[in-house]
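What the coordinates show
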Amino acid sequence: LWHTVRRLRDAALRPSAVAVLARFSGIGALAVALSIATGSANTSLVLGRWPLDWTSPYQTLLAAKISCVVAMLGLAALNRLWLVPRANTGNVQADAALAWTIAAEIVLGALVLMLVATFGTFEPV
């Protein structure tokens, strides 16, 4: 995805890059929906409620993970609905914003993985 965004700079590759980005966002939406569904089911099975006990390290880190996922959803919506359509017009600001938001999503995704690896070792109370 990151490499595709970089192809937006090349006028000859721009139409193909935009098509790939649009296709990816549809597949990405399905992957995110499945991840949210399985994460919600897991939270329900393990805790039986929302993680609201801030004295529990497990629940605090789970809440942080949920916050990161919500932020990623916001960035993905911004990309899908605003930036990718403008990328096809040659809007340099949209291209730069798209690169930044994708980089932010990558960082948030890595943070989510680190949080899961960490709170997965705690007792879920």
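Everything here concerns the structure above.
Residues numbered from 1 in each chain as written. Predicted model: local features only at pLDDT ≥ 70, side-chain atom pairs only at ≥ 80, totals over all residues. Heavy atoms only, no water.

1. Some details on the side chain of N79
- Residue placement: N79 occurs in helix α3 (residues 57–87).
- A polar atom in the side chain of N79 sits 2.7 Å from the side chain of E105.
- Apart from residues no more than four positions distant in its own chain, N79 is found in contact with V84, P85, L98, T101, I102 and E105. (Helix = DSSP H or I, 4+ residues; strand = E, 2+ residues; numbered from the N terminus. Polar contact = N/O pair within 3.5 Å; in protein donor to acceptor, adjacent residues only side chain to side chain. Contact = heavy atoms within 4.5 Å.)

2. Here we look at a nonpolar patch on the surface
- Where nonpolar side chains cluster on the molecular surface, the patch consists of V32, I36 and L73 and spans about 190 Å² of accessible area.
- Tracing the chain through its elements places L73 in helix α3.
- A relative accessible area of 32% places L73 in the partly exposed class. (Patch = residues over 30% accessible without salt bridge, like charges linked within 9 Å, V, L, I, M, F, W, Y side chains within 5 Å. Areas by Shrake-Rupley, 256 points an atom, 1.4 Å probe, with all protein chains shown as cover. Salt bridge = Lys/Arg side-chain N within 4 Å of Asp/Glu carboxyl O. Buried < 20%, exposed > 50% of the residue type's maximum accessible area, 1.4 Å probe, protein only.)

3. Here we look at the layout of surface pockets
- In this structure, the largest pocket occupies an estimated 1,200 Å³ of space.
- Those elements that place two or more of their residues in the lining of the largest pocket are α2 (14–46), α3 and α4 (92–119).
- It is α2 that contributes the most residues to the lining of the largest pocket, 15 residues altogether.
- Looking at the lining of the largest pocket residue by residue, the class counts come to 26 nonpolar, eleven polar and four charged. (1 Å grid on protein atoms, 1.4 Å probe; cavity = no way out; pocket = protein on both sides within 12 Å on 5 of 7 lines; lining within 4 Å. Points joined across faces, edges and corners; volume = space filled by probe spheres on them. Nonpolar A, V, L, I, M, F, W, Y, C, P; charged D, E, K, R; others polar.)

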